[in-house]
Amino acid sequence: MAMTHGARVRRVRLWRWRRNPLRRRSDLVEAWLLAATAVLAVLLGALCGLAAAAVVDGSLAERRERTTPVPAVLEEDAGSLSAPVTENGDGGVWAKVRWTAADGSTHTGRAEVDPGSPEGSEVTVWTDTTGRLVSAPPDGAEARFQTVMSGGTVAVAAGGLVVLAGWITRSRMQLRRMTEWEAEWRQVEPTWRKRMTG
């Protein structure tokens, strides 16, 4: 009994593909549209996601190349600071640091440090090619997470746009079919009514 029910469900799903006197040309077009939409959504989503992940990965690699870790000295006691926790939530605080640039000049600025670091302790800061302080570039798990999330987001968005375009096209086809049915009924209805009423 379960086998018969399963076979029946399968036939109902594929009725648009089979030869049958009730199948209209628009049914076959709609079936091909649905199949093409599904295939395009998967392929385009995957390609766009991979491309976005490659772009983000390249951007992060370029950022890592442009930044340099530099030793710096903490100029205030980080334990006594009431500075807010940094936005990335790792528990660091902003404190004043002093470092020497590649050209030998001394610079000061505010950098993220551990909250318990005492004044005078050595910390690592990141500078760009001009010697200005920048945030540490993401690497390891954080860089992989950003790459995967960017690729996944773009893949879902691209696939979703294809599905939306397919849905809109299918809705327009159904609306057109309903309009044609209504026009045909207006032509058939008077003769049908005569037959029914005698």
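Conventions we followed
- Residues numbered from 1 in each chain as written.
- Predicted model: local features only at pLDDT ≥ 70, side-chain atom pairs only at ≥ 80, totals over all residues.
- Heavy atoms only, no water.
- Pairing = 2+ DSSP bridges.
- Helix = DSSP H or I, 4+ residues; strand = E, 2+ residues; numbered from the N terminus.
- pLDDT = per-residue confidence, 0-100.
- Contact = heavy atoms within 4.5 Å.
- Buried < 20%, exposed > 50% of the residue type's maximum accessible area, 1.4 Å probe, protein only.

J.: I'd like a rundown of the sheet that holds strand 1 (residues 68-74), residues and numbers included.
T.: Strand pairing in a sheet takes place through backbone hydrogen bonds and is either antiparallel or parallel in direction. Strand order in the open sheet made by the 5 strands is 3-2-1-4-5, with antiparallel pairing throughout. The outermost strands of the open sheet, each flanked by one partner alone, are strand 3 (106-113) and strand 5 (133-134). Taken together, the 6 bridges between strand 1 and strand 4 (residues 122-127) define a ladder with antiparallel strand orientation. Note on strand 4: the bridge partner recorded for Val73 is Glu122.

J.: Mind laying out the confidence of the model for the protein, listing which residues take part and the relevant values?
T.: The predicted model of the protein has a mean per-residue pLDDT of 82, with 82% of residues at 70 or higher. For the protein, helix 1 (residues 2-13) is the element with the lowest average pLDDT, namely 50, and helix 2 (residues 25-66) is the one with the highest, namely 91.

J.: Outline the side chain of Arg177, supporting the account with residue identities and numerical values.
T.: Along the chain, Arg177 turns up in helix 3 (residues 141-197). Setting aside anything within four residues of it in sequence, one finds Arg177 in contact with Arg24, Ser26, Asp27 and Glu30.

J.: So, the pairing of strand 1: which residues are in play, and what are the values?
T.: By the bridge criterion, 3 bridges tie strand 1 to strand 2 (residues 93-100) in an arrangement that is antiparallel. Bridge pairing in strand 2 places Ala72 opposite Trp99.

J.: Give me the pairing of strand 2: which residues, what numbers.
T.: Here strand 2 shows one buried face, formed by Val93, Ala95, Val97 and Trp99, and one open face, formed by Trp94, Lys96, Arg98 and Thr100. Pairing between strand 2 and strand 3: 8 bridges, direction antiparallel. Within the sheet, the bridge partner assigned to Lys96 lies in strand 3 and is Arg110. Where strand 2 folds back onto strand 3 in an antiparallel hairpin, the turn is made up of 5 residues, including Gly104, whose phi is positive at roughly 95°.

J.: Can you break down the side chain of Thr37 residue by residue, with the values?
T.: If you trace the backbone, Thr37 turns up in helix 2. You can call Thr37 buried: its relative accessible area is 13%. When sequence neighbours within four positions are dropped, the list of residues in contact with Thr37 reads Val162, Val163 and Gly166.

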